[in-house]
Amino acid sequence: MSKLTINIDGKEVQAKSGDTILETALAAGKYIPHLCYCPGLKPEALCRLCLVEMADGELITSCRVPVVRGMVIKTKSPAIDRAVRPTVELLIKYHHERCAGCPASGHCELQTVMSHLKIDRKRVRRLRPPPAKRPIDVMNRCFDYDPNRCILCGICIRTCEAIHGESLLYYIGRGHETKVAFYGDEKKCETCLKCVERCPVGTLLAKNLIEAK
Amino acid sequence: MPEKLRTILVCQGTGCISGGAGQLQEALSAELTLQKLNAVAEIKHTGCHGFCQRGPLVVIEPEGIFYTKVTQNDVPDILHSLRPGAPLVERLLYYDTVINQPIKSFHDVPFYYKQQRLVLRNCGVINPENIDDYLDAGGYKALRKALAMKPEEIIKEVKDSGLRGLGGAGFPTGRKWEAASQSPGNVKYIICNGDEGDPGAFQDRSVLEGDPHSVIEGMIIAGYAIGAHHGYAYVRNEYPFAVHRLGVAIEQARQRGYLGKNILGSKFNFDVEIFQGAGAFVCGESTALVLSIEGKRGMPRSLPRPRTTEVGLWGKPTVLNNVKTYANIPLIINNGAAWFASRGTEKSKGTAIFSLTGKVVNSGLIEVVMGTRLREIIFDIGGGIPGGRAFKAVQTGGPSGGCLPAEMLNMPVDFDSLTSAGSMMGSGGMVVMDQDTCMVDIARYFLDFTQRESCGQCIPCRIGTKQMFDILDSIIKGRGKPGDIDLLLELGHSIKESSLCALGQSAPNPVLSTIRYFRDEYEAHIFEGHCPAGVCTHCL
Ligand SMILES: Cc1cc2nc3c(=O)[nH]c(=O)nc-3n(C[C@H](O)[C@H](O)[C@H](O)COP(=O)(O)O)c2cc1C
Ligand code: SF4
């Protein structure tokens, strides 16, 4: 694969053609906030956090844009901040659970995003509270799904699709009530637990983990 | 049999049907036989005639005698009036309060004569379930002409006409067709977008109900132009009459050889199939609509992505246009690009169709040339605000459009002017508001719709619109907080900038535009606990 360079935040960075901006930045140790990107899966740009600013000022989702020789991008700018920060604040406000006691704490992508953006709790407190908590889905024999922690990154759905051809997990509902569910297909689950493994937060949890807690 | 002297047109648009037009027509038929007038007049049912508010409507041709709010009790009098020398049924005529006189023919009613009904030319005039009516009105002539042209010539004609898509984005139709025609592959598709999920909108439904053949004809011509042989008409489930009449029209077009193999003796094959959508607003978005036809959940796909004209339905090059966009095509082919381009403004050609509703004297389905001023639409065609109340704002473009104040009434209605004012053309909703409307409450109403219709896949739209709705809800309940206006602006900006599809990207418009033009109303609610319009009962 041919090599090329792009400019990220004023620094020349080596890139492989075919890689996306996000992949290139991450490989170069340059973090860009992201929640729905997962190596090996088709990027869908659902979380909208990986916005970067192009030379012409346009904001684009870096997970879906392949690098082009000579590209100049910024990962931090007032425009990016205005677009992305409120999204993260909303996500935190709607994330019902506390980190203490969450099995994902310490390797949670949402925590990484929060600390990278230095989220100000005061700004989060301005927001109206989320709707009531929803019950945990315990349908699967090997893992549970907690809609109150779910960020709807879709990684579990795309993982299931990639491994089994067609995903047994689906989105159901609309608006803020959207969640992920088996929709009656839980018996077909081969319990490979890849979806649980890749969950970037503490939404999908293997059952023994919960009991051990 | 002698030539029938009169035709009694009974509007069977959804509005008139809900007012009892079905039974009215039956009563007219029965009475016609009873009064032995079958030789004098025939009864014909039509699609929407436009002036829905005065329905059920009956028009007697050739004079265009226009009876409004007709009930079954009026049937004997109407038929009696057909006898030589008999007077008109004056109580049913449209009464013009400006000249204080009843008006005999609809051609003279201000609601109609200020309009230019090009796309709607057949709506309310022909029987949509009788292809001969469409043929008598010049139907399928454009198809015959198009089949004698080269596909490139058709595309050039559509490009030169300046027609822009009427589904919302206003993308140049000719360029879209050109892109699809140049995409490689033998299998291509045509899709007609009849999702029309906006609350209160009925333009596309009315065209499908009133003149389905014009849409089919446009789709066939599009198919021939790009080399597609199959078309899908995506119509929402909630539109039973539209689905039925389109189905009848497709069947009749097949029988007469306008659809199917070797159309009109040419080598061109094309057929259309109806796809009934589940009625989600977001399924009107092009990529979601394509997924929906493929049997998947209708979720928009993020940019950057290949255009639908390259990778569309089942991965094939696809042209997706709005109902009204297709209905324009026969006009352009018949009359030529120059004829079409002579109407409208420099960048918006042809006509715009609106569902005019809200606090306006004459509501209904209207068509005006692009560039007509808002004032002419609301005050001349719409007859102004009822009850001597004052005009406050007009909202265009459906749930994601903006609210424009009285200062903007002189603005010409076209794609670019509306967008620059913070609203949009959308698919053609137009809601008029009077002095008794609370702008915060209106913003809340639209946000309530979008937050529920958000497909839920991207964070800013899913949570952001809900949060905006919650803030607006607390403001109208007297629980607004000092920083709320800034917070709404911040959120609105972020949602517009970062959402995945145009639903989220435009959802904050009602809030941002009402803050831009009616900020004092927000402040009155938040700081004084007072609703200036007297609507929000918690704020007095
Ligand atoms: C949320 C959403 C809903 C939409 N709904 C419709 C619709 O009901 N009808 C329509 O024609 N276009 C709708 N559109 C616009 C379509 O994506 C597309 O631009 C249009 O159908 C293209 O046709 P045109 O070029 O003839 O306008 C919608 C877009 C969005 C983002
Ligand atoms: S903007 Fe809203 S409707 Fe569009 S993809 Fe995002 S969540 Fe779905």
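Residues numbered from 1 in each chain as written. Chains lettered and ligands numbered in written order. Predicted model: local features only at pLDDT ≥ 70, side-chain atom pairs only at ≥ 80, totals over all residues. Heavy atoms only, no water.

**Q** I keep staring at the overall build of chain A and nothing clicks. Help me out?
**A** Across its full length, chain A carries seven helices and nine strands. The C-alpha radius of gyration computed for chain A amounts to 18 Å, which stays within 12% of the reference 17 Å derived for 213 residues, consistent with globular compactness. Considering chain A as a whole, with its 213 residues, one finds that 52% of them fall into the buried category. Within chain A, contacts between residues separated by at least 24 positions form 60% of all contacts whose residues are at least 6 apart in sequence. For chain A, the distance from the average site of its 34 positive side-chain charges to the average site of its 24 negative ones is 5 Å. (Helix = DSSP H or I, 4+ residues; strand = E, 2+ residues; numbered from the N terminus. Rg over C-alpha atoms; globule rule 2.2 N^0.38 Å. Buried < 20%, exposed > 50% of the residue type's maximum accessible area, 1.4 Å probe, protein only. Contact = heavy atoms within 4.5 Å. Lys, Arg positive; Asp, Glu negative; His and termini not counted. Charge placed at Lys NZ, Arg CZ, Asp CG, Glu CD.)

**Q** What's the story with the site of ligand 2 in this structure? I'm lost.
**A** Near ligand 2, the surroundings consist of 13 residues, among which B:C455, B:C458, B:C461, B:C501 and B:G504 are the closest. A per-class count over the shell around ligand 2 returns eight nonpolar, five polar and no charged. (Near = heavy atom within 4 Å. Nonpolar A, V, L, I, M, F, W, Y, C, P; charged D, E, K, R; others polar.)

**Q** Is there a simple way to think about the nonpolar core in this case?
**A** Note that soluble globular proteins tend to have their nonpolar side chains buried in a common cluster. Residues A:L35, B:L488, B:V511 and B:Y522 are the most contacted members of the largest nonpolar core, which totals 95 residues. If one sorts the elements of this core by residue count, helix 18 (residues 459–476) of chain B sits on top with nine residues. Apart from the residues lying within four places of it in its own chain, the contact partners of A:L35 are A:C47, A:L49, A:L91, A:E109, A:L110, A:V113, A:I151, A:C153, A:I155, A:P200 and B:I459. B:V158, B:L331, B:I332 and B:I333 belong to the second-largest nonpolar core, a separate cluster that totals 61 residues. (Core = buried A, V, L, I, M, F, W, Y, C linked by side-chain atoms within 4.5 Å.)

**Q** Can you help me understand the interface of chain A and chain B in this one?
**A** Interface size is commonly expressed as the accessible area that is lost once the parts come together. Chain A puts 33 residues into the contact, and the matching count from chain B is 39 residues. Summed over the three residues of chain A that lose the most area to chain B, namely A:R48, A:R128 and A:R174, the buried surface amounts to 25% of that side. At the boundary of chain A and chain B, one finds five salt bridges. A salt bridge links A:R123 to B:E490, with the nearest nitrogen and oxygen atoms 3.0 Å apart. The tally of links from chain A across to chain B stands at 18 residue pairs in polar contact (both at pLDDT 80 or more). (Buried area = accessible area lost by both parts, 1.4 Å probe. Salt bridge = Lys/Arg side-chain N within 4 Å of Asp/Glu carboxyl O. Polar contact = N/O pair within 3.5 Å; in protein donor to acceptor, adjacent residues only side chain to side chain.)

**Q** What should I look at first to understand the site of ligand 1 in this one?
**A** Residue and element names in this part refer to chain B. Surveying the vicinity of ligand 1 reveals 19 residues, the closest of which are G167, E196, N321, N322 and T325. With respect to ligand 1, the side chain of T325 contributes an N or O atom lying 2.7 Å from an oxygen atom. Burial of ligand 1 by the protein chains amounts to 91% of its free accessible area of 600 Å². Contributions of two or more residues to the shell around ligand 1 are made by strand 10 (318–322) and helix 20 (502–506). Among the elements that make up the shell around ligand 1, the one with the highest residue count is strand 10 (three residues). (Areas by Shrake-Rupley, 256 points an atom, 1.4 Å probe, with all protein chains shown as cover.)

**Q** I'm lost on the domain arrangement of chain A in this one. Help?
**A** All names here are of chain A. Along its sequence, chain A is carved into domain 1 (3–74), domain 2 (80–127) and domain 3 (143–212). For domain 1 and domain 2, the distance between their C-alpha centroids amounts to 22 Å. Contacts between the two partners involve 12 residues from domain 1 and, on the opposite side, 12 residues from domain 2. The largest share of the area that domain 1 buries against domain 2 comes from Y31, L35 and L49, three residues that together contribute 53% of it. Put simply, domain 1 and domain 2 have zero salt bridges between them. Here the side of domain 1 that touches domain 2 is composed, by residue class, of eight nonpolar, one polar and three charged. (Domains from an automatic or database assignment.)

**Q** How should helix 11 (residues 240–255) of chain B be read in this particular structure?
**A** Since the α-helix advances by 3.6 residues per turn, residues separated by three or four positions end up pointing in the same direction. Residues and elements named next belong to chain B. Given a rise of 1.5 Å per residue, 16 residues ought to cover 22 Å, and the 23 Å separating the end C-alpha atoms of helix 11 matches this to within 8%. Here helix 11 has its buried residues at A242, V243, R245, L246, A249, I250, Q252 and A253. Of the residues flanking the end of helix 11, it is G257, one or two places downstream, whose phi is positive at about 80°. (Expected span 1.5 Å × (residues − 1).)

**Q** What's the story with the confidence of the model for chain B in this structure? I'm lost.
**A** The predicted coordinates of low-pLDDT regions are not to be read in fine detail. In the predicted model, chain B carries a mean pLDDT of 95, and the fraction of residues at 70 or more is 99%. Both scores are available for the predicted complex, with the pTM at 0.95 and the ipTM at 0.96. (pLDDT = per-residue confidence, 0-100.)

**Q** Help me understand the packing of aromatic side chains in this model?
**A** Residue and element names in this part refer to chain B. Under the counting rule described, the total for this entry stands at 19 aromatic pairs over all chains. Seen from their ring centres, Y234 and F275 are 5.5 Å apart, and the 15° between their planes marks the pair as stacked. In this pair, Y234 is assigned in strand 8 (residues 230–236) and F275 in strand 9 (residues 271–277), connecting sequence segments 41 residues apart. The exposure class of Y234 is buried, given its relative accessible area of 0%. (Phe/Tyr/Trp six-rings, centres within 6.5 Å; stacked < 30°, edge-to-face > 60°.)

**Q** Looking at this structure, I do not really get the pairing of strand 2 (residues 11–16) of chain A. What am I missing?
**A** Looking along a regular strand, one sees side chains alternate from face to face of the sheet. Residues and elements named next belong to chain A. Here strand 1 (residues 3–8) pairs with strand 2 via six bridges, running antiparallel. Following the sheet pairing, I8 is matched in strand 2 by K11. Between the end of strand 1 and the start of strand 2, which pair antiparallel, lie two residues, with D9 showing a positive phi angle near 50°. (Pairing = 2+ DSSP bridges.)

**Q** Can you walk me through a positive patch on the surface in this structure?
**A** Judged by side-chain charge, A:R98, A:R121, A:K122 and A:R125 come together as a positively charged surface patch. Take A:K122: it is sitting in helix 4 (residues 121–125). (Patch = residues over 30% accessible without salt bridge, like charges linked within 9 Å, V, L, I, M, F, W, Y side chains within 5 Å.)

**Q** Please explain the sheet that holds strand 8 of chain B as it appears in this structure.
**A** Sheets are built from strands that pair by backbone hydrogen bonding, the pairs being arranged parallel or antiparallel. Residue and element names in this part refer to chain B. The four strands are arranged 9-8-7-10 in an open sheet whose pairing can be described as parallel. What marks the edges here is a single partner per strand, and that holds for strand 9 and strand 10. Sheet twist, expressed as the mean angle between neighbouring strand axes with direction ignored, is 20°. Taken together, the seven bridges between strand 8 and strand 9 define a ladder with parallel strand orientation. Each residue of the ladder has a partner; that of A233, found in strand 9, is I274. Relative to strand 9, helix 11 is tilted by about 165°, and along the sheet it contacts strand 8 and strand 9. (Axes fitted to C-alpha atoms, helices over the stretch in contact; angles between N-to-C directions.)

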